[in-house]
Amino acid sequence: MASCCPVTPQSLFANSFPNTSHFPHRTFQPHSLLSLHSSSHFFRKSVSFLWGRDSPTFKIHSSLADFTVDVAVEEKKLPKGETWSVHKFGGTCVGSSVRINNVADVIINDDSERKLVVVSAMSKVTDMMYDLIYKAQSQDKSYIPALDVVEEKHSLTAHELFDGDDLATFLANLHQDIRNLKAMLHAIDIAGHATESFTDLVVGHGELWSAQILSYVVKKKGIDCKWMDAREVLIVNPTSADQVDPDYLESERRLNKWYSLNPSKVIIATGFIASTRQNIPTTLKRDGSDFSAAIMASLFRARQVTIWTDVDGVYSADPRKVSDAVILKTLSYREASEMSYFGANVLHPRTISPVIRYGIPVIIRNIFNTSAPGTKVCHPSIIENEDKKILKNYVKGFTTIDNLALVNVEGTGMAGVPGTASTIFRAVKEVGANVIMISQASSEHSVCFAVPEKEVKAVAEALQSMFQNALYAGRLSQVAVIPNCSILAAVGQKMASTPGVSATLFNALAKANINILAIAQGCSEYNVSVVLKREDSIKALRAVHSRFYNSETTIAMGIIGPGLIGSTLLDQLRDQVATLKEESNIDLRVMGIMGSKSMLLDDSGINLVKWSEIREENGEVTDLEKFVQHVHGNHFIPNTVLIDCTADSGVASHYNDWLRKGIHVITPNKKANSGPLNEYLRLRVLQRQSYTHYFYEATVGAGLPIISTLRGLLETGDKILQIEGIFSGTLSYIFNNFKDGRVFSEVVAEAKEAGYTEPDPRDDLSGTDVARKVIILARESGLKLELSDIPVENLVPEQLRASASAQEFMQKLPNFDHEISEKQEDADTAGEVLRYVGVVDVANQKGSVELRRYKKDHPFAQLSGSDNIIAFTTRRYKDQPLIVRGPGAGAQVTAGGIFSDILRLASYLGAPS
């Protein structure tokens, strides 16, 4: 018989209670090995509470493993192999009576010959059980009503699912379990402490109850099944790392014995819980039910394991952070293992090791969407056979770990000194910290590693103490801590031996303006990990995911100024974005449109077909700061560009700040580049020092490639001597038609009527707009000139410059026709024409805007309509200037020039050229 010995509560909890929780010899029914039928037998037969007046005493019966079976049973041999399929259902899958019914239907509808089902506790129950332990240890008596809530939850669920003898039996066992748990928790309350084994015993009840409930439901639907307390079969060996290792040989022996007494084609087994070789109840630690299922699949040599959860499969990135994350059809074992280690909600990190031995596929599916095929985790050769197309995605998934700190130990005395790294990590081990990532340069000058932020203080103090002498002597220069870090990991088996994957990854981060603090890559090349500042974590994740998955280039755009040019640009985008995405893999999304009074914002992209109507109905008051924050910060797209279609100097004054924040800027607005020289130089320096781009092709020639031509000449080593051109489409039209005896005021009125001029023609005739274009080209050519350095011939008669309105100006302009008509007649008599031109004289470092005369065979005399023409005289093009000619005014061509800059930005960000 079992021996008995009295112990105090303190001795009970000082030792591992379940060591003493053994059963006396007893007769078992054929349907159960140790079967506890419910766990109540564990308490009734293992612990007798003998309470005295002064202090409680326990009588412990000690013999669990040795038992006899008095009933003769014909032993059944366990059939192993592909006839078995394993299903695992998590807590959300069995979170209510309705969901448990659904699970039972899934089991029944599986046409496998034999099925093993592993279940977790009902949703939230494990947390509730841990909370009971915490309350009892804290001597908080609320654990009593809290346990009653647990009982009520399971009792109500049972009442909703089955009745009769099954219900009576389950409720009796449940009630006995609750009574025993109350006694256990009362003991913990007295002792003020519970060992890990004692805790595991208590929290494992959730799985026992859910497995019994599900087995009754399956039986009610006409399918014979047995439920298994996995502690009778699954044997593990605890390790020093707060983990357990499966004992496959002993587990297999016990499984064969269990099955010989409980043969069935459907088995409902508890997840999460197990026992040691000494029959001490334990667990596979948090979220261990996946691990349970994988171990069971290995023991049964099953055909496959299906992990049922509440998502459609494994995503390429966390969909809460990356809205465009996609479901992966397949993953290799190694890819799934790497992703789960680095925080992806894929599987328990240790799920892969049991199944990989026998090549058992693991399928992750959604219990709430059974039509979705899910994600298959299997051998790479199966992936290649099943899904050739996915091989183009060398990186399968991206994941992040947050709330980390980077510890850097460096010093010249480390180089070539054996044992330094060993000493560092021995100190880390002694404080119980978990090292997530290690990086060391080949120079051995420094070692850095990432640890959870909550552990970094202890790590730093341990290292300071360990290396106190080395720091004092100068052999080590510092033990530095960089807080608020995250790790971004890129995982993919096809990354191995594929050139350029890391380059693409780092390029995507650089172009998103993200700094890398440390890098680690194993020689297997399945994983590249980088440490970043925590505030960059989500942006980095979006940037790399976008680069490898969504599109070569996904860009969030904010349009400022939906006037004539802005609205025309929106129309052009509307007509072209679908084609660009399909044919060039460029994904352009307008996230915001801002006018002077109202703005329209959208998180996923504005409908460009009816943006104006939507803004009319749902627009909000214009707020530039909110607009920029929305476009740049409140969405899942890493690349942001703001397009300023205004002529507002106030908007232009923000360019510098936007560029510093990593926001690209595209504009036809001339105010920034023709404003104060120091502001222009700051913009150019900022652009050169970062991956942030500032494009302004449309500031000079609308849609004509003036700026890009000039840059191409300079970048290829040519020397600019002079740039001369007709830069105003308005003035080009006026002087092209100022001939054949027509008067000047008549031509100006015609141009205004045709829409070529500004509402006030004096804005064109003053020459200021041409002067701004000249100063832009002069600065691009390397001249450090201010706008005030450019002499401008103003075509507005001096007497009319102060006119109150454009209407008054137009009424009085005919009075001054004779002055300019004389100039036109003189030119015509000499066989020449008048043209209003801007000149950049690079050789003499000056510029000018003036009315000049040209021979009628000169290219400038051959223009028609509102065309612009620009002549570049350079060292290469000295005798025959390089001519650029074409429409230089109008909403369509200006918007086209802006659109061209958008596509140039996309090309710079990685889109195919």
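Calculation rules
Residues numbered from 1 in each chain as written. Predicted model: local features only at pLDDT ≥ 70, side-chain atom pairs only at ≥ 80, totals over all residues. Heavy atoms only, no water. Helix = DSSP H or I, 4+ residues; strand = E, 2+ residues; numbered from the N terminus. Buried < 20%, exposed > 50% of the residue type's maximum accessible area, 1.4 Å probe, protein only. Contact = heavy atoms within 4.5 Å. Core = buried A, V, L, I, M, F, W, Y, C linked by side-chain atoms within 4.5 Å. Patch = residues over 30% accessible without salt bridge, like charges linked within 9 Å, V, L, I, M, F, W, Y side chains within 5 Å. Areas by Shrake-Rupley, 256 points an atom, 1.4 Å probe, with all protein chains shown as cover. Salt bridge = Lys/Arg side-chain N within 4 Å of Asp/Glu carboxyl O. Lys, Arg positive; Asp, Glu negative; His and termini not counted. Charge placed at Lys NZ, Arg CZ, Asp CG, Glu CD. pLDDT = per-residue confidence, 0-100. Pairing = 2+ DSSP bridges. Axes fitted to C-alpha atoms, helices over the stretch in contact; angles between N-to-C directions. Phe/Tyr/Trp six-rings, centres within 6.5 Å; stacked < 30°, edge-to-face > 60°. Lys NZ or Arg CZ within 6 Å of the ring centre and 35° of its normal. Parallel < 35°, antiparallel > 145°, perpendicular 65-115°, else oblique. Left-handed = near helix turned anticlockwise from the far one by under 90°. Nonpolar A, V, L, I, M, F, W, Y, C, P; charged D, E, K, R; others polar. Expected span 1.5 Å × (residues − 1). Polar contact = N/O pair within 3.5 Å; in protein donor to acceptor, adjacent residues only side chain to side chain.

### Points about the overall build of the protein
Then comes step 1: In terms of helices and strands, the protein carries 34 helices and 33 strands.
Then comes step 2: Relative to its full complement of 913 residues, the protein shows a buried share of 55%.
Then comes step 3: The contacts in the protein between residues at least 6 apart in sequence include a share of 73% that link residues at least 24 apart.

### Side note on the nonpolar core
Side chains that are nonpolar tend, in soluble globular proteins, to be buried together.
Then comes step 1: Within the largest apolar cluster, 73 residues are counted, with the highest numbers of intra-cluster contacts made by Phe627, Trp658, Ile723, Ile734, Phe735, Leu765 and Leu777.
Then comes step 2: Examining the composition of this core, we find that seven residues originate from one element, helix α31 (residues 768-780), more than from any other.
Then comes step 3: Once you skip the residues sitting within four places of it in the chain, Leu777 turns out to touch Val700, Ile706, Ile707, Leu710, Ile723, Phe727 and Val840.
Then comes step 4: Membership of the second largest hydrophobic core comes to 66 residues, among which are Met228, Val236, Ile295 and Tyr333.

### Considering a negative patch on the surface
Then comes step 1: Together, Glu819, Glu822, Glu825 and Asp826 make up a region of like negative charge exposed at the surface.
Then comes step 2: Within the element layout of this structure, Glu819 appears in helix α33 (residues 817-829).
Then comes step 3: Judged by its relative accessible area of 42%, Glu819 falls in the partly exposed class.

### Structural notes on the confidence of the model for the protein
Then comes step 1: Taken over all residues, the pLDDT of the protein has a mean of 86, while the share at 70 or more is 88%.
Then comes step 2: Within the model, the stretch residues 1-73 combines pLDDT values under 50 with 165 contacts to residues more than four positions away or in other chains.
Then comes step 3: Across residues 386-391, confidence stays below pLDDT 50; counting only partners more than four residues off in sequence or on other chains, it has twelve contacts.

### A short note on the sheet that holds strand β16 (residues 397-410)
Then comes step 1: An order of β17-β18-β16-β19-β21-β20 is seen for the six strands of this open sheet, with the pairing classed as antiparallel. In this open sheet, the two strands that pair with only one neighbour each are β17 (437-440) and β20 (518-521). Each strand axis lies, on average, 30° off the axis of its neighbour in the sheet, ignoring direction.
Then comes step 2: Of the strand pairs in this sheet, β16 and strand β18 (residues 446-452) are connected by seven bridges, and their pairing is antiparallel. Bridge pairing in β18 places Leu404 opposite Pro452.
Then comes step 3: Where helix α14 (residues 420-430) meets the sheet, its contacts fall on β16, β17 and β18, and the angle it forms with β18 comes to roughly 15°.
Then comes step 4: Of the strands in this sheet, β16, β18 and β19 (478-491) touch helix α15 (residues 456-466), which is tilted by about 30° from β16.

### So, unusual backbone geometry
Then comes step 1: With phi around 65°, Asn279 is a residue other than glycine that occupies positive phi space.
Then comes step 2: Within the secondary structure layout, Asn279 lies in the loop between β10 (273-275) and β11 (281-283).
Then comes step 3: Positive phi is not limited to glycine here, since Gln845 has a value of about 55°.
Then comes step 4: Within the element layout of this structure, Gln845 appears in the loop between β30 (832-841) and β31 (846-855).

### Here's the deal with the sheet that holds β30
Then comes step 1: Pairing is antiparallel across the open sheet formed by five strands, whose spatial order is β31-β30-β29-β32-β33. Every interior strand has two partners, whereas the edge strands, β31 and β33 (882-887), have only one. Geometrically, the sheet is characterised by an average inter-axis angle of 20° between neighbouring strands, direction not taken into account.
Then comes step 2: Of the strands in this sheet, β30 and β31 are in contact with α33, which crosses β30 at around 100°.

### Digging into the pairing of strand β9 (residues 266-270)
Then comes step 1: Burial runs high along β9: five of the five residues are buried.
Then comes step 2: Of the two faces of β9, the one holding Val266, Ile268 and Thr270 and the one holding Ile267 and Ala269 are both buried throughout.
Then comes step 3: Sheet topology places strand β6 (residues 226-228) next to β9; three bridges connect them, and they run parallel. The residue bridging Met228 from the neighbouring strand is Ala269, located in β9.

### Describing the packing of aromatic side chains
Then comes step 1: Applying the stated criterion across every chain, the model contains 17 aromatic pairs.
Then comes step 2: With 5.0 Å between their ring centres and 40° between their planes, Phe162 and Tyr216 make a pair best called tilted. Residue Phe162 is found in the loop between α5 (143-161) and α6 (164-191), and its partner Tyr216 is found in helix α8 (residues 205-220); the two are separated by 54 residues along the sequence. For the pair Phe162 and Tyr216, one class covers both residues: buried.
Then comes step 3: Here the aromatic cluster, defined as three or more aromatic residues joined through ring pairs, consists of Tyr655, Trp658, Tyr694 and Tyr696.
Then comes step 4: Sitting over the face of the ring of Tyr248, Arg357 holds its NZ or CZ atom 6.0 Å from the ring centroid.
Then comes step 5: The positively charged end of Arg904 is found above the aromatic ring belonging to Phe695, 4.0 Å away from the centroid.

### Examining the packing of helix α3 (residues 97-109) against α5
Between two packed helices, what matters for the description is the angle formed by their axes and the separation of those axes.
Then comes step 1: Running from N to C, α3 and α5 point in directions that differ by 55°, and their axes come no closer than 9 Å. By the criterion of interaxial angle, the relationship of α3 to α5 is oblique. For the pair α3 and α5, the crossing hand works out as right-handed. Two secondary-structure elements touch here, α3 through Ser97, Ile100 and Asn101 and α5 through Thr157, Glu160 and Leu161.
Then comes step 2: Grouping the amino acids of the contact of α3 with α5 by side-chain chemistry returns two nonpolar, three polar and one charged.

### Section: helix α10 (residues 289-300)
Then comes step 1: Look at α10: 16 Å from first C-alpha to last across twelve residues, which is about the 16 Å you get at 1.5 Å a residue.
Then comes step 2: For α10, the tally of buried residues reaches twelve of twelve residues, placing the bulk of the element in the interior.
Then comes step 3: Within α10, burial applies to Ser289, Asp290, Phe291, Ser292, Ala293, Ala294, Ile295, Met296, Ala297, Ser298, Leu299 and Phe300.
Then comes step 4: Downstream of α10 by a residue or two, Arg301 has a phi angle that is positive, lying close to 55°.

### What about the environment of Leu710?
Then comes step 1: On the secondary structure map, Leu710 appears in helix α27 (residues 706-715).
Then comes step 2: A residue is classified by how much of its surface remains accessible, and Leu710, at 0% relative accessible area, is buried.
Then comes step 3: Not counting the four nearest positions on each side in its chain, Leu710 is found in contact with Ile720, Ile723, Leu777, Glu780, Ser781 and Phe872.

### Describing helix α25 (residues 677-689)
Spacing of three or four residues puts side chains on the same side of an α-helix, whose turn is 3.6 residues.
Then comes step 1: Relative to the 18 Å expected for 13 residues at 1.5 Å per residue, α25 spans 18 Å between its end C-alpha atoms, a close match to the ideal helical length.
Then comes step 2: By the burial criterion, the buried members of α25 are Leu677, Tyr680, Leu683, Arg684, Leu686 and Gln687.
Then comes step 3: At its buried positions, α25 is contacted by α23 (655-660), α24 (671-674), β28 (694-695), α27 and α31.

### What about the side chain of Thr699?
Then comes step 1: By secondary structure assignment, the location of Thr699 is in helix α26 (residues 698-701).
Then comes step 2: Those residues in contact with Thr699 that lie beyond four places of it in its chain are Thr667, Pro668, Asn669, Lys670, Lys773 and Ile776.

### Quick word on the pairing of strand β32 (residues 867-874)
Then comes step 1: Within β32, eight of the eight residues are buried, which leaves it mostly tucked inside the rest of the structure.
Then comes step 2: Burial along β32 is two-sided: the residues Asp867, Ile869, Ala871 and Thr873 and Asn868, Ile870, Phe872 and Thr874 are all buried.
Then comes step 3: Both β32 and β33 contribute to a ladder of six bridges, which runs antiparallel. The residue bridging Asp867 from the neighbouring strand is Pro887, located in β33.

### Notes on the side chain of Asp644
Then comes step 1: Relative to the helices and strands, Asp644 is located in strand β26 (residues 639-644).
Then comes step 2: Here Asp644 sits buried without a salt bridge, and the closest side chain of opposite charge, Lys671, lies 9.1 Å off (N-O distance).
Then comes step 3: At 2.4 Å, the side chain of Asp644 and the side chain of Tyr655 are in polar contact.
Then comes step 4: Those residues within four positions of Asp644 in sequence are excluded, and the remaining contacts are Ile560, Val651, Ala652, Tyr655, Ile666, Thr667, Pro668 and Asn669.

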